[in-house]
Amino acid sequence: MGVGRKSPGGVMAYDPVVRWKARAWAMVAYLAVFSAVAAIVLFAVRYQPLLAANFASGSVTSSGPNMVRVGYANGGTFSFGFLIVNDGQLPVKIQGIQITGQSQLLVPVRLETAAKRYAGSLGEGDPSLEKFIPFTLAGDDRRWIAVRTRFGNCGRFVAGASQTYTRFNVTYSVLGFTKHAWVPLPKDIGVDSPPDFACPTRPA
């Protein structure tokens, strides 16, 4: 009976050229992935597709093609609205909108929203209007925003001083990034501080 002998296992020779080629291809793949991620991040950082359209408001003292003027009424309120439009292709989540501040002549009270088919709705208690909560706008979609304000702080301003609201700040997220942008209003809103007799909080 014959006995077979095992042949010794073969050992691959070290080939520096093959190893460097593998490293080079790995580096190329890494750079390709890095470039793709960087391009997405840069696109998201620069992406701002929002604009406003279709302005409507409550009673004003004068109205032109680009501006309305509002008569200050101590203790009174003023409402206005506009469509916020996603003019891009990617969905964006609208997280917040700010137009006026607590120390201004128009003091923010609340925001309400409605589907675009109800654009123009401003009436108190209108069933088409809902309390503002963050919402997503699909590409080429729009939503009605109703802004409720009250007149205040006339004592902080001299008689005849004016404030003009030309834009709003919107907080939104896209592709996982949260961003802020200033968006022009469809019409500017001008408010004049009233004379002394109409402002009981102004120092004598």
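Since the structure is predicted, the reported quantities are computational estimates derived from the model, not experimental observations. Position numbers for residues start from 1 in each chain and track the written sequence from start to end. In view of the model being predicted, local features appear only for residues whose pLDDT reaches at least 70, and side-chain atom pairs are presented and counted only at 80 or more, with totals across whole chains, interfaces and linings using the full set of residues. Values shown for side chains rest on all heavy atoms present in the structure; no hydrogens or waters enter the calculation.

To continue, consider the pairing of strand β11 (residues 177-192). Any two strands with at least two DSSP-identified bridges between them are counted as paired. Each helix is a run of DSSP H or I of at least 4 residues and each strand a run of E of at least 2, with the numbering of both proceeding from the N terminus. Pairing geometry for strand β3 (residues 67-70) and β11, over four bridges, is parallel. By the bridge assignment, Arg69 is partnered in β11 with Gly190. Here strand β10 (residues 162-174) runs beside β11; their pairing, made up of 12 bridges, is antiparallel. Residue pairing in the sheet places Gln163 in a bridge with Val191 of β11.

Counted as salt bridges are all cases of a side-chain nitrogen of Lys or Arg within 4 Å of a carboxyl oxygen of Asp or Glu. Taken as a whole, this structure holds eight salt bridges when the rule is applied. Between Asp141 and Lys116 there is a salt bridge whose closest N-O contact spans 3.5 Å. Here Asp141 is found in the loop between β8 (135-137) and β9 (142-151), whereas its partner Lys116 is found in the loop between β6 (106-115) and β7 (130-131), with 25 residues between them in sequence. The exposure class assigned to Lys116 is partly exposed, which follows from its relative accessible area of 44%. Taken together, the shared-partner salt bridges connect Arg110, Glu112, Glu124 and Arg148 into one network. Exposed residues in this analysis have more than 50% of their type's maximum accessible area, buried residues have under 20%, and partly exposed residues fall in between, with area computed by a 1.4 Å probe over protein chains only.

So, on to the packing of aromatic side chains. In this description, an aromatic ring pair is defined by two values, namely the gap between the centres and the angle between the planes. Each aromatic pair joins two rings of Phe, Tyr and Trp (for Trp, the six-membered one) with centres within 6.5 Å, and gets the label stacked for planes under 30 degrees apart, edge-to-face for over 60, and tilted for any other angle. Per the counting criterion, the structure on display carries five aromatic pairs. Aromatic side chains Tyr72 and Phe151 sit 5.2 Å apart centroid to centroid with 55° between the ring planes, which places their arrangement in the tilted category. Residue Tyr72 is located in the loop between β3 and β4 (77-86), and its partner Phe151 is located in strand β9; the two are separated by 79 residues in the primary sequence. Their ring planes at 75° and their centres at 5.8 Å tell us that Phe132 and Phe135 sit as a pair that is edge-to-face. Comparing Phe132 with Phe135, the two get one shared label, buried. Here a set of aromatic residues connected by ring pairs shows up, and it is made of Phe55, Phe78 and Phe80. The ring of Phe135 has Arg143 lying over it, and the distance from NZ or CZ to the ring centre is 5.4 Å. Here Arg167 stacks its cationic end above the ring of Trp182, 4.1 Å away from the centre of that ring. Distance and angle both matter: a charge sits over a ring if NZ of Lys or CZ of Arg is within 6 Å of the ring centre and within 35 degrees of the ring normal.

Strand order across the open sheet formed by six strands is β2-β3-β11-β10-β5-β8, with mixed pairing between neighbours. Each end of this open sheet is capped by a strand with a single partner; those strands are β2 (62-63) and β8.

Below, the discussion takes up the nonpolar core. What we call a nonpolar core is a set of buried Ala, Val, Leu, Ile, Met, Phe, Trp, Tyr and Cys residues that are connected through their side-chain atoms within 4.5 Å. Ile94, Ile97, Phe168, Val170 and Ile189 are the most contacted members of the largest nonpolar core, which totals 37 residues. We call two residues contacting when some pair of their heavy atoms lies within 4.5 Å. Other than its neighbours up to four places away in sequence, Val170 contacts Leu50, Ile84, Ile94, Gly96, Ile97, Lys179, His180, Ala181 and Val183.

Don't take any of this as a statement about function, it's just geometry.
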